[in-house]
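If you want the building blocks of each chain, they are given just below.
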Amino acid sequence: MKALVGPDLDAVGDEQDVAEFRRGFAVVGENNRRILTILIPKLVALQERGDSAAALRLIAEIKRIVTGGEKALH
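Because the structure is predicted, anything quoted here is derived from the model rather than measured.

Conventions we followed
- Along each chain, residue indices are assigned from 1 in the same order as the chain's sequence is written.
- Predicted model: local features are reported for residues with pLDDT of at least 70 only, side-chain atom pairs are reported and counted for 80 or more only, and whole-chain, interface and lining totals are derived from all residues.
- Only hydrogens and water are removed before side-chain values are computed, so all heavy atoms of the structure are retained for them.
- Runs of E in the DSSP output that reach at least two residues are strands. Runs of H or I that reach at least four are helices, and both are numbered from the N terminus.
- Buried means the residue's accessible area, taken with a 1.4 Å probe over protein chains only, is under 20% of the maximum for its type, while exposed means over 50%, and partly exposed covers the values in between.
- Contacts are residue-level and defined by heavy atoms, with any inter-residue pair within 4.5 Å sufficient.
- Throughout, the Shrake-Rupley method with a 1.4 Å probe supplies accessible areas, and for residues the shown protein chains are the sole cover considered.
- Patch membership requires more than 30% relative accessible area and the absence of a salt bridge. Residues of like charge join within 9 Å; the nonpolar side chains Val, Leu, Ile, Met, Phe, Trp and Tyr join within 5 Å.
- Criterion for a salt bridge: a side-chain nitrogen of Lys or Arg within 4 Å of a carboxyl oxygen of Asp or Glu.
- For the purpose of counting charges, residues Lys and Arg are taken to be positive, whereas Asp and Glu are taken to be negative. His and the chain ends are not included.
- All charge positions are set by atom: Lys at NZ, Arg at CZ, Asp at CG, Glu at CD.
- Structural elements are reduced to axes, namely lines fitted to C-alpha atoms, with helices fitted over the stretch in contact, and the angle between N-to-C directions of any two is expressed from 0 to 180 degrees.
- Should an angle fall under 35 degrees it is called roughly parallel, over 145 degrees roughly antiparallel, and 65 to 115 degrees roughly perpendicular, with every other angle called oblique.
- Left-handed describes a crossing whose near helix is turned anticlockwise from the far helix by less than a right angle; the clockwise case is right-handed.
- We call a set of buried residues a nonpolar core when its members are Ala, Val, Leu, Ile, Met, Phe, Trp, Tyr or Cys and they connect through side-chain atoms within 4.5 Å of each other.
- Given the number of residues in a helix, its expected span is that number minus one, multiplied by 1.5 Å.

## So, the overall build of the protein chain
Logical step 1: What the protein chain contains, in helices and strands, is 3 helices and 0 strands.
Logical step 2: Along its sequence from the N terminus, the protein chain presents helices and strands in the succession α-α-α.
Logical step 3: Looking at the protein chain as a whole, 16% of its 74 residues are labelled buried.
Logical step 4: Restricting the contact set of the protein chain to residue pairs at least 6 apart, pairs at least 24 apart contribute 27%.
Logical step 5: With an accessible surface of roughly 6000 Å², the protein chain has 59% of that area assigned to carbon and sulfur atoms.

Shown next as structure tokens:
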């Protein structure tokens, strides 16, 4: 029986996440794509600092952009 977590499964999960992100990013309009290229590095920085509340707010904003909802808050 295989373990449910581990380096191999983490790599598969990461590959799946990257593939899903690329599919979604491909359908986003050019203006929103530019906005996302700014917001995503900010999200990474927030996560590295451990600022979960700000990261969650930014994730919600990114989700609105990707799904075609409200315009960016920035």
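## Looking at a negative patch on the surface
Logical step 1: A grouping of Asp-14, Glu-15, Asp-17 and Glu-20 is seen on the molecular surface, where their side chains present a negatively charged patch.
Logical step 2: Exposure remark for Glu-15: the relative accessible area of 57% places this residue in the exposed category.

## Side note on the pattern of salt bridges
Logical step 1: Under the counting rule described, the total for this entry stands at 2 salt bridges.
Logical step 2: Notably, a salt bridge pairs Arg-33 with Glu-30, separated by 3.4 Å at the nearest N-O pair. Here the residue Arg-33 and the residue Glu-30 both occupy positions in helix 2 (residues 30–49), the gap between them amounting to 3 residues, near one helical turn.
Logical step 3: Accessibility expressed as a relative area gives 24% for Arg-33, which makes it partly exposed.
Logical step 4: The partner of Arg-34 in a salt bridge is Glu-30, and the shortest N-O contact between them spans 3.8 Å.

## Digging into the packing of helix 2 against helix 3 (residues 52–66)
Logical step 1: One way to put it is that helix 2 packs onto helix 3 with a least axis distance of 10 Å and a crossing angle of 160°. In terms of axis orientation, helix 2 runs roughly antiparallel to helix 3. Where helix 2 crosses over helix 3, the two elements pack in a sense that is left-handed. Taking contact as the criterion, the partners of Asn-32, Ile-35, Leu-36, Leu-39, Ile-40, Lys-42, Leu-43, Leu-46 and Gln-47 in helix 2 are, on helix 3, Ala-54, Ala-55, Leu-58, Ile-59, Glu-61, Ile-62, Ile-65 and Val-66.

## Points about the nonpolar core
Logical step 1: If you look at the biggest cluster of nonpolar residues, it comprises 10 residues: Val-28, Leu-36, Leu-39, Leu-43, Leu-46, Ala-54, Ala-55, Leu-58, Ile-62 and Ile-65.
Logical step 2: Those elements that provide at least two residues to this core are helix 2 and helix 3.
Logical step 3: The biggest single contributor to this core is helix 3, with 5 residues.

## Re helix 2
Logical step 1: Taking 1.5 Å of rise per residue, 20 residues should cover 28 Å, and helix 2 covers 30 Å from first to last C-alpha, within 8% of that figure.
Logical step 2: All buried positions along helix 2 are accounted for by Leu-36, Leu-39, Leu-43 and Leu-46.
Logical step 3: Phi turns positive, to about 80°, at Gly-50, one or two residues after helix 2.

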